[in-house]
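Okay, here's what each chain looks like letter by letter:
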Amino acid sequence: VSSHREAPEIAQDPVADNADVFAFVSPDKPGTVTIISNFVPLQGPAGGPNFYSFGDDVLYSIYIDNDGDAQPEIEYQFSFSTSIRNPNTFLYNTGPITSIDSANWNNRQFYSVTRIDAGPAKGSPGQGGPAWGRGPQHSTVLGKNLACPPCNIGPASTPNYDTVLGPAAVHSLTTGESVFCGQRADPFYVDLGAVFDLADLRPFRNLHLVGKTLFSDPAPGVNGTNNLNIHTIAIQVPITNLTAKGSSSGVLGIWSGASRRKVRLLGDRKNGHAESGPWVQVSRLGNPLFNEVIVPLGQKDEWNAGNPVDDSEYLPHVQHPELAGLLPVLYPGVFPNLDALNKSGAARADLAAILLTGIPSGIIPGFQNFTGSTNADMLRLNVGIPPSSSPNILGVVGGDLAGFPNGRRVFDDIVAIELRAIAGVTYSLIKPSFTPDAAAGQLTDGLTPASVSTPYLNVFPYVGVPYDGWDHPSM
Amino acid sequence: MTTINRLSFLKATGVAAGTAAIASSPALAAAVEPGPVETEPSGPVAKEPIIAVIRDPAGFEITVLSGTTEKTYTDKLLVNRLLKAAGRNHTVKRQGVA
C-alpha cells in the first residue's frame, strides 16, 4: 500500500505503523497548510468490542524542515491517553453515543499536542523526537485533554457521525492551529490485489507476462483499501507559523514518525507495562511508496528507524529502482525505451529530484520545490503555489502544480503518478532526447478518487467519515 | 551532648579509613560485601524503572536507562555484582545480560 505494513517489523505493530502523509495548502483556507499523518491501517469497521485507537505508549511526531537542511526546525508531538469510564463491562459503549462527551461512551481517548522548536528555550525546555540532533529545543504545549471521536460503530451506537461526532472532534487551538485525531475512512486508493500479484495491473492484464495467458482483455481496477478505516492525525497551521522567519513563501520539507520507548517490561504491573529509556523511532514516512517500493526488504526496518538527513544511503535504489527493471520483463515488448534506459545504466536523476532533493527551478515552468543537495526523503511543499481551483489527480505530472510531488493532497493518484514516473515519463524532463514509451503515460491501476466509497471532505480534516461496522460488516 | 575525645576521634577515623580502603579494592569489597540474596518482589516495578544492560561482560561495559536518558559506563564492580546475581549457570560472553 502507500506505506501500510510496508516493512517486516512495523507490519507487526499497526498502532505505530505510519501509513500515509499528506501536506497541502488548505483549499478553503489558503493562508494555512494542512498536514495529515495516518496510522493503524487496514481497519475492519466492525472490529469490536475493542475498536481501534492510537497507542497510549507511542509518540507520534510530525516534523517540518524549513531551511533545507533535512533536519527538523519544528515538530508537532501527539501523545494519547485512554480513559475507561466503567471497567466492569465488556462494552465499548453502553448506549447510543450522541455527543463526544456522552456518558454512554465507555472507552474514550484524549490527547495532547506539543510544539517543539529549534533553538534555546524561550518557554519550557523541550525534548524533540528521535529525528532531532543534539541542538537545543524548546516546547510549547498547545492543547491538552483534547477528545478523539469514537470509532464509527453503526447507526444504533454512533448516530449522526458525520454531522455531530466527527465535527465535534475538530479542536481550534488558541495558537492558531486546528487539530483532529481519530478514525477516518482510508483516503488512499490502490489495487492491492493486482499490484502484489506480480504487478498484474488489471487495465493491462492482457499485456502482462502471466496475465496474458489468463485474460484476453483489460479490466477495471479494484480498490483494496475501500471500506477500510484508518486513524488520522491532522493539523492545520498558519503558513507563517511554519516557514523560516514567518515568510508567506518557501519550501517545507515534511515527514512524520512514530516512536516507542527503548525498553518495555511486560506483565509486572496491574495497570499497564513499565517502560524506560529514550524514544526510538519505529516508523517514518515522507514520500508515499518510498519505503514500500524503493527500499529493499533487508533495509526496510533500518529505514524506518532512520532520519531523512541520512538518506543518501538509499540514493542508489532511487537512481536504479527495482520496479523500473521489472516493468519491461513483466510487460514484454511494452516498454522498449525504458528497457534501453535501464540497460544504459543511466542514473534516474528525475526520480532523485522528485523524491530526495525536490525539483529545481528551470525544469518545470513556474515551479520548484528544491530544498538543497542533501538527499532526504521528505514531502516537499512549495507554500507559494496556491491551491488549484480545478485539481488534477495526477498533480504536477498532470499540469497541476498544487498536487504531488508538490506536497500531496488526499485525492492525488499516487499509484499512477509514481508508476508513470518510474516508467520514464519524468526522465524526459532532465533528458529531452529521451522518448518515454507510449504505455508509460497510460500506466494506472485503474482507480480514481471515485473508487473510495466515502467522499473526501471539502473542509478540515478533509479525510472522509469512517465506514461504520453495521453497514460494512465484512470487506 | 556527646563528648568527642581524641580516642573516639581516632577510632572513628580509623573505621572510616578502613571502609574507604575496602571500597577502593574490588577484590576486598567482593570478599567483604554480602552477595545477592534472592527474595520475593515486594511490589510492582516502578512505572519508569531504572534498567541496566550489560553490553559487554568482558569489557565491564554497562548501559543504564533512566527516564528518557541512556548512558553507558565501564564499571567492573557493578558488572561483576550483576553477573553474580544473574547466576552461575548464565552463559556470559558478549551477548550481554539485562
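Residues numbered from 1 in each chain as written. Chains lettered and ligands numbered in written order. Predicted model: local features only at pLDDT ≥ 70, side-chain atom pairs only at ≥ 80, totals over all residues. Heavy atoms only, no water.

Comments concerning the overall build of chain A
Here is step 1: Each helix and strand counted, chain A has 10 helices and 13 strands in total.
Here is step 2: Over its C-alpha trace chain A gives a radius of gyration of 22 Å, about what one expects of a compact globule, namely 23 Å for 475 residues.
Here is step 3: Each principal axis of the C-alpha distribution contributes one length, and for chain A these read about 65 × 55 × 45 Å.
Here is step 4: Surface exposure of chain A reaches about 18,400 Å², of which carbon and sulfur atoms provide 55%.
Here is step 5: Side chains of chain A carry 28 positive and 42 negative charges; the gap between the two charge centres is 4 Å. (Helix = DSSP H or I, 4+ residues; strand = E, 2+ residues; numbered from the N terminus. Rg over C-alpha atoms; globule rule 2.2 N^0.38 Å. Areas by Shrake-Rupley, 256 points an atom, 1.4 Å probe, with all protein chains shown as cover. Lys, Arg positive; Asp, Glu negative; His and termini not counted. Charge placed at Lys NZ, Arg CZ, Asp CG, Glu CD.)

Looking at the packing of aromatic side chains
Residue and element names in this part refer to chain A.
Here is step 1: Taken as a whole, this structure holds 14 aromatic pairs over all chains when the rule is applied.
Here is step 2: Ring plane angle 65 degrees and centroid distance 5.0 Å describe the contact between Phe51 and Tyr92, whose orientation is recorded as edge-to-face. In this pair, Phe51 sits in the loop between β2 (32-43) and β3 (59-65) while Tyr92 sits in the loop between β4 (74-84) and β5 (107-118), placing the two residues 41 residues apart along the sequence.
Here is step 3: What makes Tyr92 buried here is its relative accessible area of 7%.
Here is step 4: Ring geometry for Phe54 and Tyr60: centres 5.5 Å apart, planes at 75 degrees, overall edge-to-face. (Phe/Tyr/Trp six-rings, centres within 6.5 Å; stacked < 30°, edge-to-face > 60°. Buried < 20%, exposed > 50% of the residue type's maximum accessible area, 1.4 Å probe, protein only.)

Description of the sheet that holds strand β9 (residues 178-185) of chain A
Residue and element names in this part refer to chain A.
Here is step 1: Reading across the sheet, the five strands line up as β1-β2-β10-β9-β8 and stay open at both edges, with antiparallel pairing between neighbours. Looking along the sheet, the strands with just one partner apiece sit at the ends: β1 (20-25) and β8 (171-172).
Here is step 2: Bridge count for β2 against strand β10 (residues 229-238) is nine bridges, and the pairing is antiparallel. Paired with Gln43 across the bridge in β10 is Asn229. (Pairing = 2+ DSSP bridges.)

Things to note about the side chain of His208 of chain A
Residue and element names in this part refer to chain A.
Here is step 1: If you trace the backbone, His208 turns up in the loop between α2 (192-195) and β10.
Here is step 2: Looking at His208, its side chain comes within polar contact range of the main-chain nitrogen of Val210, at 3.1 Å.
Here is step 3: What His208 contacts, discounting residues up to four positions off in sequence, is Leu198, Ala199, Asp200, Leu330 and Tyr331. (Polar contact = N/O pair within 3.5 Å; in protein donor to acceptor, adjacent residues only side chain to side chain. Contact = heavy atoms within 4.5 Å.)

Section: the confidence of the model for chain B
All names here are of chain B.
Here is step 1: Per-residue pLDDT for chain B averages 72, and the proportion of residues at 70 or more is 55%.
Here is step 2: Confidence drops under a pLDDT of 50 for residues 12-23, and excluding neighbours within four residues, the segment shows three contacts in the predicted structure.
Here is step 3: Interface predicted TM-score (ipTM) for the complex: 0.82; the corresponding pTM is 0.91. (pLDDT = per-residue confidence, 0-100.)

A word on the layout of surface pockets
Residues and elements named next belong to chain A.
Here is step 1: Of the pockets and cavities examined, the largest pocket occupies roughly 590 Å³.
Here is step 2: A total of five residues in the lining of the largest pocket trace back to one element, the largest contributor, which is helix α6 (residues 322-330).
Here is step 3: Of the residues contributing to the lining of the largest pocket, the split by class is 21 nonpolar, no polar and four charged. (1 Å grid on protein atoms, 1.4 Å probe; cavity = no way out; pocket = protein on both sides within 12 Å on 5 of 7 lines; lining within 4 Å. Points joined across faces, edges and corners; volume = space filled by probe spheres on them. Nonpolar A, V, L, I, M, F, W, Y, C, P; charged D, E, K, R; others polar.)

So, unusual backbone geometry
All names here are of chain A.
Here is step 1: Across the junction of Phe404 and Pro405, the peptide omega takes the value 5 degrees, indicating a cis bond.
Here is step 2: Mapped onto the fold, Pro405 is located in the loop between β13 (379-382) and α9 (414-422).
Here is step 3: Phe460 connects to Pro461 through a cis peptide bond whose omega is 10 degrees.
Here is step 4: With respect to the secondary-structure elements, Pro461 resides in the segment after α10 (427-430).
Here is step 5: For Leu42, which is not glycine, the phi torsion reads 60 degrees and is therefore positive.
Here is step 6: By the secondary structure assignment, Leu42 is in strand β2.
Here is step 7: Positive phi outside glycine occurs at Tyr462, with the angle close to 70 degrees.
Here is step 8: Along the chain, Tyr462 turns up in the segment after α10.
Here is step 9: Looking at Tyr462, the relative accessible area reads 3%, which means it is buried.

Let's talk about empty space enclosed by the protein
Residue and element names in this part refer to chain A.
Here is step 1: One pass over the full model with this rule turns up one cavity of 30 Å³ or more.
Here is step 2: In this model, the largest cavity occupies a volume close to 130 Å³.
Here is step 3: Taken together, 15 residues make up the lining of the largest cavity; nearest its centre are Leu351, Ile354, Leu355, Glu418 and Ala421.
Here is step 4: The set of elements that each furnish at least two residues to the lining of the largest cavity consists of α3 (290-294), α8 (349-357) and α9.
Here is step 5: Here the lining of the largest cavity takes four residues from α9, the largest share from any one element.
Here is step 6: Residue composition of the lining of the largest cavity, by class: 13 nonpolar, one polar and one charged.

Some details on the nonpolar core
Residues and elements named next belong to chain A.
Here is step 1: With 88 residues, the main nonpolar core has Tyr76, Phe78 and Phe335 as its most contacted residues.
Here is step 2: Of the residues forming this core, the biggest block, seven residues, is contributed by α9.
Here is step 3: Those residues in contact with Phe335 that lie beyond four places of it in its chain are Leu327, Pro328, Ala423, Asp437, Ala439, Ala440 and Leu443.
Here is step 4: Judged by nonpolar contacts, the second largest core, of 27 residues, contains Tyr92, Leu165, Leu447 and Tyr462. (Core = buried A, V, L, I, M, F, W, Y, C linked by side-chain atoms within 4.5 Å.)

Looking at the pairing of β3 of chain A
Residue and element names in this part refer to chain A.
Here is step 1: Burial runs high along β3: seven of the seven residues are buried.
Here is step 2: Of the two faces of β3, the one carrying Leu59, Ser61, Tyr63 and Asp65 and the one carrying Tyr60, Ile62 and Ile64 are both buried.
Here is step 3: Note that β3 and strand β11 (residues 251-265) share seven bridges and pair antiparallel. Residue pairing in the sheet places Tyr63 in a bridge with Trp255 of β11.
Here is step 4: Relative to β4, β3 runs antiparallel, the two being bridged by five bridges. Each bridged residue has a counterpart across the sheet, and for Ile62 the counterpart in β4 is Tyr76.

Looking at the interface of chain B and chain A
Here is step 1: With 14 residues of chain B at the contact, the number on the chain A side is 13 residues.
Here is step 2: Counting the surface lost from both chain B and chain A, the interface buries some 1,100 Å², and carbon and sulfur atoms represent 54% of this.
Here is step 3: Applying the counting rule to chain B against chain A returns two salt bridges.
Here is step 4: The shortest N-O distance in the salt bridge between Arg261 of chain A and Glu48 of chain B comes to 2.9 Å.
Here is step 5: Counting across the chain B and chain A interface gives seven residue pairs in polar contact (both at pLDDT 80 or more).
Here is step 6: Of all elements in the fold, only β1 (51-56), β2 (61-66) and β3 (69-74) of chain B reach the threshold of two or more residues within the side of chain B that touches chain A.
Here is step 7: Here the residues of the side of chain B that touches chain A are counted per class, giving six nonpolar, four polar and four charged. (Buried area = accessible area lost by both parts, 1.4 Å probe. Salt bridge = Lys/Arg side-chain N within 4 Å of Asp/Glu carboxyl O.)

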